[in-house]
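What the coordinates show
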Amino acid sequence: MSVKRDSIGVGVSVGAAGVAFGSVAIAGHFTVAQACVLSLLLFSGASQFALVGVMSSGGSPLAAILTGTFLGSRNGLYGTRMASILKNRGWRRVVAAQITIDESTGMAIAQEETDQQHTAFWFTGFAVFFFWNICTFLGAVGAKAIGDTAAWGLDVVSPVVFIAVLWPRLTTRNLKLAALAAFTWALCITEVVPSGVPILTTVAIAVFVGWK
Amino acid sequence: MSSKWIAVLVTGVLCFILKYVGHSIPAKWLERPRISRITTLIPIVLLSALVGIQAFTTQTKFTVDHRLSGIIIGAGSVIAKLPFPVTIILAMAASAITYRLKI
């Protein structure tokens, strides 16, 4: 019982951040419909914020697609982990794949018994999906009503969300150095290459640091 | 169809395919140490670069403006482990105040 309650609790608190995404999408000159389709179809916070961020700073659709997809690749890794627990086939695998994200995977692997792992995965996945989508819509409609989004501080929401996501993950010296190198690299080349390129090219830093 | 719709739909479909493929291939393919180190690093470098671009550029030009106060307050709140909604609201307030004061 407490697994279900905890899973729904995660869904509510994570889903609420959908308000931030919806408003950031509008601030980045996306439409309410585009914000909602991103949350329904892409359903991966970092990829969604990045896609909007790349295009609203002038990047090409290709740069946005590549950045969003690279960031979404993490969910593929979670998929292999969850498949060994869920053992789904057919349409259940399709649904499970769509709700495979940080939170559903994290809640599932935190459980000890297989039954509870299943419960945690499905409840967390559906709860986050439900609240994230509703909150995206509310945030987008709200931001639309506001008008000048910079006057309400909406232009710092996206980078601050990324800082909040990044900071707890920088657990080793190598990870901290890679983050600093990527940040510095992007700002050093932003004026001399097309928009989107400063972000995408940092994948080379990941390969270089991770190779050894 | 606008370029934004193309990016929205193509990224959505590609990311779903990645998730589905993940559910369909043997786990051991992706558990090699080098692969897992690189896949851990990829989101970290991309997001770090995005923080820089979104906080300190305007149309690809390096810019320091009202956003700096929001970034400093936001980063400070994250390091102080304040709750996520509080962090976001403080950062927004700092940036909005600086913007309205035309500093």
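Attention now moves to the overall build of chain B. A tally of helices and strands in chain B yields 4 helices and 2 strands. Each helix (α) and strand (β) of chain B, taken in turn from the N terminus, gives the series α-α-β-β-α-α. Seen along its three principal axes, the alpha-carbon backbone of chain B occupies a region of about 55 × 40 × 25 Å. When each of the 103 residues of chain B is scored for burial, the buried share is 45%.

Size of an interface, as often reported, equals the accessible area lost when the parts are brought together. Chain A puts 83 residues into the contact, and the matching count from chain B is 63 residues. Contributing elements (two or more residues each) for the side of chain A that touches chain B: α3 (32-42), α4 (45-56), α5 (61-86), α6 (90-98), α9 (157-166), α10 (173-189), α11 (197-200) and α12 (203-211) of chain A. In terms of residues, the side of chain A that touches chain B owes the most to one element, α5(A), which gives 21 residues. Grouping the constituent residues of the side of chain A that touches chain B by class yields 53 nonpolar, 24 polar and 6 charged.

Let us look at the nonpolar core. In this structure, Val45(B), Leu46(B) and Ala49(B) are the most contacted members of the largest nonpolar core, which totals 97 residues. In terms of residues, this core owes the most to one element, helix α2 (residues 33-56) of chain B, which gives 12 residues. Looking at this core, you find at least three residues from each of domain 1 (2-153) and domain 2 (170-212) of chain A.

Residues and elements named next belong to chain A. In terms of domain boundaries, chain A breaks down into domain 1 (2-153) and domain 2 (170-212). Using only C-alpha atoms to locate each centre, domain 1 and domain 2 end up separated by 24 Å. Here the side of domain 1 that touches domain 2 takes 5 residues from α5, the largest share from any one element. Grouping the amino acids of the side of domain 1 that touches domain 2 by side-chain chemistry returns 5 nonpolar, 5 polar and no charged.

Turning our attention to helix α8 (residues 114-146) of chain A. For α8(A), spanning 33 residues, the distance from its first C-alpha to its last is 47 Å, which sits close to the expected 48 Å at 1.5 Å a residue. Downstream of α8(A) by one or two residues, Gly147(A) has phi in the positive range, about 90°.

This next bit is on helix α1 (residues 2-15) of chain A. Residue and element names in this part refer to chain A. Look at α1: 19 Å from first C-alpha to last across 14 residues, which is about the 20 Å you get at 1.5 Å a residue. Of the positions making up α1, those classed as buried are Val-3, Ser-7, Val-10, Gly-11, Val-14 and Gly-15. Down the axis, α1 shows its buried residues gathered within 110° of arc, on one side only. Exposed residues lying more than 90 degrees from the buried face of α1 are Ser-2 and Arg-5. Of the surrounding secondary structure, the elements contacted by the buried residues of α1 are α2 (18-27), α7 (102-109) and α8.

The next point concerns the environment of Leu30(B). Mapped onto the fold, Leu30(B) is located in the loop between α1 (3-24) and α2. Classification of Leu30(B) as partly exposed rests on a count of 16 C-beta atoms within 10 Å. C-alpha of Leu30(B) to C-alpha of Val8(B): the two residues are 22 residues apart in sequence and 27 Å apart in space. Filtering out sequence-adjacent residues up to four positions away, Leu30(B) remains in contact with Leu77(A), Thr80(A), Ile35(B) and Ser36(B).

Secondary-structure assignment places Ala55(B) in helix α2. Under the C-beta neighbour-count criterion, Ala55(B) is labelled buried, with 27 such atoms within 10 Å. Through-space distance from the C-alpha of Ala55(B) to that of Gly70(B) is 9.1 Å; in sequence the pair is 15 residues apart. Contacts of Ala55(B), omitting those with residues within four sequence positions, involve Pro159(A), Arg67(B) and Ile71(B).

Turning next to unusual backbone geometry. All names here are of chain A. At Phe-43, a position not held by glycine, the phi torsion is positive, near 40°. Its 25 C-beta neighbours within 10 Å are what place Phe-43 among the buried residues. Positive phi, normally seen in glycine, also occurs at Lys-87, with a value near 50°. Position of Lys-87 among the secondary structure elements: in the loop between α5 and α6.

Contact pair α10(A) / α2(B): the axes reach a minimum separation of 8 Å and the direction vectors enclose 40°. Accordingly, the angle class assigned to the pair α10(A) and α2(B) is oblique. For α10(A) against α2(B), the interelement crossing comes out right-handed. Two secondary-structure elements touch here, α10(A) through Leu175(A), Ala178(A), Ala179(A), Ala182(A), Phe183(A), Trp185(A), Ala186(A) and Leu187(A) and α2(B) through Leu41(B), Ile44(B), Val45(B), Ser48(B), Ala49(B), Val51(B), Gly52(B), Ile53(B) and Phe56(B). Per-class residue counts for the contact of α10(A) with α2(B) are 15 nonpolar, 2 polar and no charged.

About the criteria used
- Residues numbered from 1 in each chain as written.
- Chains lettered and ligands numbered in written order.
- Predicted model: local features only at pLDDT ≥ 70, side-chain atom pairs only at ≥ 80, totals over all residues.
- Helix = DSSP H or I, 4+ residues; strand = E, 2+ residues; numbered from the N terminus.
- Buried ≥ 20, exposed ≤ 12 C-beta atoms within 10 Å, placed from the backbone.
- Contact = placed C-beta atoms within 7 Å.
- Nonpolar A, V, L, I, M, F, W, Y, C, P; charged D, E, K, R; others polar.
- Core = buried A, V, L, I, M, F, W, Y, C linked by C-beta atoms within 7 Å.
- Domains from an automatic or database assignment.
- Expected span 1.5 Å × (residues − 1).
- Arc of directions from axis to C-beta.
- Axes fitted to C-alpha atoms, helices over the stretch in contact; angles between N-to-C directions.
- Parallel < 35°, antiparallel > 145°, perpendicular 65-115°, else oblique.
- Left-handed = near helix turned anticlockwise from the far one by under 90°.

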